[in-house]
Amino acid sequence: MLVLDFPDPEQHGRALSEELDSHHATIDVHHFPDGESRLRLPENVPEHVVLCRSLHQPNQKLVELLLAADAAREMGARQITLVAPYLCYMRQDAAFRPGEVVSQRLMGRFLARLADTLITVDPHLHRVSALSEVIPNEHAVALSAAPAMGEFLARHPSEPLLVGPDHESQQWVSTAAEVAGLEYVVAAKTRHGDRTVDISLPEAEYKNRHVVLVDDLASTGRTLAVASTALHDAGAERVDVLVSHPLFFDDAMDTLAQAGVKEVWSSDSVAHPTNAFALAPFLADAIRYCGERP
Ligand code: R5P
């Protein structure tokens with residue numbers, strides 16, 4: 001098996017190959033002035049190639065993945081596993097207006113053709129129950145960072161109240177709470193636009209409490225910022241944030257600080273200064289579980 005990654009800030013390829021005791025190489029990528037990419041893989045590839053890339057800011061990355069996967073097959077690979085700790089284009093899962101492209105479905109078919117196995121973490125699946133419904137390949141594995149979040153919180157000296165900022169976060173916050181042995185509640189969110197949300201907190205005792213907001217991803221950070229403001233208004237003493245995918249675009253971190261968030265922790269699905277725990281051990285287990293083709 002050969003683990004191939006790209007020259008991205010994320011170091012999953014090296015960490016994975018160490019977990020799996022396999023070979024690792026980083027694909028050489030040159031960007032031409034016109035925006036096209038030239039890729040160079042190792043001269044020889046084995047039958048099983050693991051391509052590793054987190055797919056935030058995805059458009060160029062997807063084209064390069066396609067080039068790499070096809071080239072690996074041309075060079076003799078019979079089995080391609082794609083490890084994408086953050087999986088892109090999963091949020092648009094329905095056409096809300098006539099003509100709107102359901103990118104989740106199209107991307108699922110594209111990735112299923114590209115790789116025999118796909119392994120990801122906490123994909124944004126709201127209206128479907130299993131990743132295999134979206135990615136119809138041999139194996140489509142959706143891991144969750146929530147148990148690791150729970151273990152992280154269990155090592156924390158205080159006993160915070162966990163709060164999920166919206167209905168969808170129930171699955172992550174409940175798992176993290178169970179693993180850490182903590183209480184949790186889930187708020188209700190109404191989204192009005194990319195950067196505008198309203199959050200209403202459920203009845204609970206927030207006064208003088210340490211609260212940790214738990215969610216799958218933070219993009220603009222507005223969801224968590226509005227939740228933090230509501231928690232402070234309700235008397236919370238301290239608010240921290242724990243997420244699977246730290247996208248944190250533009251001014252997201254400043255927005256959180258202004259909303260009174262003290263600390264932010266994340267998995268290393270996307271390289272970010274807030275990374276607090278590594279996904280490589282879980283990703284490696286999933287690769288072992290899916291196995292090699294006979
Ligand atoms: C939505 O349901 C997700 O779980 C996140 O809450 C959302 O995508 C976060 O986006 P933003 O940080 O832009 O509010």
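Every value quoted in this text rests on a predicted model; they were computed, and no experiment measured them.

J.: Would you mind going over the packing of helix H1 (residues 12–20) against helix H9 (residues 280–290) with me for this structure?
T.: Helix-helix packing is characterised by the crossing angle of the two axes and by the distance between the axes. At a minimum axis distance of 9 Å, the contact between H1 and H9 shows a crossing angle of 60 degrees. Between H1 and H9, the crossing angle belongs to the class labelled oblique. For H1 against H9, the interelement crossing comes out right-handed. Counted together, Ala15, Leu16, Glu19 and Leu20 of H1 and Ala280, Pro281, Leu283, Ala284, Ile287 and Arg288 of H9 form the full contact between these two elements.

J.: Would you mind going over the sheet that holds strand S7 (residues 117–121) with me for this structure?
T.: The strands making up a sheet associate through hydrogen bonds between their backbones, and the pairing can be parallel or antiparallel. Spatial ordering of the open sheet is given by S2-S1-S5-S6-S7-S8, a layout of 6 strands whose pairing is parallel. With one partner strand each, in any of the chains shown, strand S2 (23–26) and strand S8 (139–143) form the two edges of the open sheet. Each neighbouring strand pair of the sheet contributes to a mean axis angle of 20 degrees, computed without reference to strand direction. Note: strand S1 (residues 2–5) against S2, 4 bridges, orientation parallel. Along S2, the bridge assignment pairs Val3 with His24.

J.: Teacher, can you tell me more about the sheet that holds strand S13 (residues 210–218) here?
T.: Here we have 6 strands laid out as an open sheet, ordered S10-S9-S13-S14-S15-S16, and parallel in their pairing. Whereas interior strands pair on both sides, the edge strands pair on one side only; in this sheet they are strand S10 (184–186) and strand S16 (275–277). Taking each pair of neighbouring strands and ignoring which way they run, the sheet shows an average axis angle of 30 degrees. Relative to strand S14 (residues 238–246), S13 runs parallel, the two sharing 8 bridges. Note on S14: the bridge partner recorded for His210 is Arg238. Sheet strands touched by helix H5 (residues 146–154): strand S9 (161–164), S13, S14, strand S15 (261–267) and S16. Its angle to S14, the strand with the most contacts, is close to 145 degrees. On the sheet, helix H6 (residues 170–180) packs against S9, S10 and S13 and is oriented at approximately 175 degrees with respect to S10.

J.: What should I look at first to understand the nonpolar core in this one?
T.: Among soluble globular proteins, nonpolar side chains are generally buried collectively. Of all hydrophobic cores here, the largest spans 34 residues; its most connected members are Ile27, Leu51, Leu82 and Leu87. Elements with a minimum of two residues in this core: S1, strand S5 (48–52), helix H2 (59–74), strand S6 (79–84), helix H3 (103–114) and helix H4 (131–134). No other element matches H2, which puts 5 residues into this core. Leaving out residues up to four positions away in the same chain, Ile27 has contacts with Leu4, Asp5, Phe6, Pro7, Leu39, Arg40, Leu41, Leu51 and Ala68. The next biggest cluster of nonpolar side chains, apart from the first, holds 33 residues, and it includes Leu16, Ile119, Leu153 and Val173.

J.: Would you explain the pattern of salt bridges in this entry?
T.: Opposite charge on two side chains lets them pair, provided their charged atoms get close. Tallied over the entire structure, the rule returns 14 salt bridges. Close ionic contact of Arg97 with Glu100 constitutes a salt bridge, the shortest N to O distance being 3.0 Å. Assessed through its relative accessible area of 23%, Glu100 is described here as partly exposed. Taken together, the salt bridges that share partners define one network made up of Arg195, Arg222, Asp250 and Asp251.

Each value, and the rule that gives it
- Sequence positions are assigned chain by chain, starting from 1 and proceeding in written order.
- Restriction of local features to residues with pLDDT of at least 70 applies here, the model being predicted, together with a cutoff of 80 or more for giving and counting side-chain atom pairs; totals for whole chains, interfaces and linings are based on all residues.
- Only hydrogens and water are set aside when side-chain values are computed; all heavy atoms of the structure are taken into account.
- Orientation is described by lines fitted to C-alpha atoms, with helices fitted over the stretch in contact, and by angles between N-to-C directions that extend from 0 to 180 degrees.
- Secondary structure counts use DSSP, requiring at least four H or I residues in a row for a helix and at least two E residues in a row for a strand, with both numbered from the N terminus.
- With respect to orientation, any angle under 35 degrees is reported as roughly parallel, any angle over 145 as roughly antiparallel, any angle of 65 to 115 as roughly perpendicular, and every other angle as oblique.
- For any helix crossing, the convention is left-handed if the near helix is rotated counterclockwise from the far helix by under a right angle, and right-handed if that rotation is clockwise.
- Throughout, a contact is declared for two residues whenever any of their heavy atoms are within 4.5 Å.
- Paired strands are those between which DSSP finds at least two bridges.
- As used in this record, nonpolar core signifies buried Ala, Val, Leu, Ile, Met, Phe, Trp, Tyr and Cys residues forming a set joined through side-chain atoms within 4.5 Å.
- Note on exposure labels: buried denotes an accessible area under 20% of the residue type's maximum, exposed denotes more than 50%, and partly exposed covers the range between, all computed with a 1.4 Å probe on protein chains only.
- Each salt bridge in this description consists of a side-chain nitrogen of Lys or Arg and a carboxyl oxygen of Asp or Glu lying within 4 Å of one another.

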